[in-house]
Each structure stands twice: as C-alpha cells, then as structure tokens.
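The chain contents come next:
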Amino acid sequence: MDGNAVRDVAGKVRLMGFDVDGVMTDGTIWFGPDGDLMKGFNTLDGHGLKMLAGAGVEIVIISGRSSAAVRHRAANLGITTALLGVENKRDAMRELAAERGIALEHCGYMGDDIVDLPVMRACGFSAAPANAHFFVRQHARWIAEADGGRGAVREVCEYLLDARGALDVLLQDCLR
C-alpha cells in the first residue's frame, strides 16, 4: 500500500489500540524489592493520546500482560478500555469493534512484537515503533521514527490527527 493509501486509511481510524510493553514503554520492566512491577511512560506520548481522543478517536489498550501500573496510567489518561492479560488481541479487537459498531477497516493497532501481528493485520491501519521486531516492521503500514516509550506513540497520534485534518488546528490553538 502506498503512502497516500495508508494516509487515507489512517484518516478514517475511529478506534485505535495500543500494546504497552515496547510501545507505550521502552519494554523495560522494573521489579521492586517486594516484587512490585513498575513501568516508565513517556509524557509526550500521553499528551498525544489525549489529543487523539479529543479529536474523536477512541483509544484502547490491549496488552498480554496484566499490570496495576498500566491500569493507573490508563485512568490517568482517561482511557476507559484497558484490556490486560489478553491472550488473543485480534479477537479482543474484533469484539470491541463489533460492540461499538465500527468496521475493522476503521480500527488501528500499534504493536512491536510478533504476538501483535494478528491484530495488526486484522485492522485497517497498523503501526510500529522504530525498534519493533524486524518482522513486525515488515508488516506494519506505518513505522515511527522513534522507539517504543520514546515518542513513537506521540508520532502515530500526530500522524492520525494530520490524516484527519485536525493536527494543524490543534497546533494553531496552542498559539492563541
């Protein structure tokens, strides 16, 4: 699919899903002395998610790992759908899309590892961070210049906003 076709598909995304480890984070998992799991999130990515949601795109998290840190981050960002501990992300996305009456061609997903490929291929739009697994990059429709947890989510949010014709308006509003 050429760049213009990808942009056309991106402009029609109504439901955008994100993996967490390696996408919203750099993939590092810290364990405290009592086994508490901690993750680091990028604030620029978070603002990108808020802007995208503000433009009418529903944001969902679909992750294979269950984590209180992710639940807290989702709540902090106003993301109401965070499906954690999901074994089959493609089926989860299909169910979400059907519940909302959205065709899969109007859904997107950003993933970084081979377990994300089924959901990425099921959606009309797919994206990957620059440091995603090589096979995932081969199959993603759009690849960020930034790595996961280092601005890749912000990049895809701005790409989707631009494809919808909403990015310039948002940026100009910042100058008022």
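Going by the structure above, here's the rest.
Reference entry: report on the structure contained in this document. (Residues numbered from 1 in each chain as written. Predicted model: local features only at pLDDT ≥ 70, side-chain atom pairs only at ≥ 80, totals over all residues. Heavy atoms only, no water.)

Let's shift gears to the nonpolar core. Ranked by internal contacts, the top residues of the largest apolar core, which has 36 residues, are Met16, Phe18, Met24, Leu49, Met110, Phe125 and Val156. Counting only elements with at least two residues in this core, the list comes to helix H1 (3-10), strand E1 (15-18), helix H2 (43-54), strand E4 (58-63), helix H3 (68-77), strand E7 (125-128) and helix H7 (152-163). Considering each element in turn, this core owes the most residues, eight residues, to H7. Among all residues touching Met110, those that are not within four sequence positions of it are Met16, Gly17, Phe18, Asp19, Val23, Ala127, Ala128, Pro129, Ala144, Ala152, Val153 and Val156. Listed in part, the 19 residues of the second largest apolar core include Ile102, Leu117, Cys123 and Ala128. (Core = buried A, V, L, I, M, F, W, Y, C linked by side-chain atoms within 4.5 Å. Buried < 20%, exposed > 50% of the residue type's maximum accessible area, 1.4 Å probe, protein only. Helix = DSSP H or I, 4+ residues; strand = E, 2+ residues; numbered from the N terminus. Contact = heavy atoms within 4.5 Å.)

Along the chain, the position of Ser126 falls in strand E7. Here the side chain of Ser126 touches Arg141 through a polar contact of 3.0 Å, landing on its backbone nitrogen. Contact partners of Ser126, with chain neighbours within four places excluded, come to Tyr109, Met120, His139, Ala140, Arg141 and Trp142. (Polar contact = N/O pair within 3.5 Å; in protein donor to acceptor, adjacent residues only side chain to side chain.)

Here we take up the packing of H1 against H7. Interaxial distance between H1 and H7 falls to 8 Å at its minimum, and their mutual angle equals 90°. One element, H1, and the other, H7, form an angle in the roughly perpendicular class. Of H7, the residues touching H1 (which contributes Gly3, Val6, Arg7 and Ala10) are Tyr159, Leu160, Asp162 and Ala163. Class assignment for the residues of the contact of H1 with H7 results in five nonpolar, one polar and two charged. (Axes fitted to C-alpha atoms, helices over the stretch in contact; angles between N-to-C directions. Parallel < 35°, antiparallel > 145°, perpendicular 65-115°, else oblique. Nonpolar A, V, L, I, M, F, W, Y, C, P; charged D, E, K, R; others polar.)

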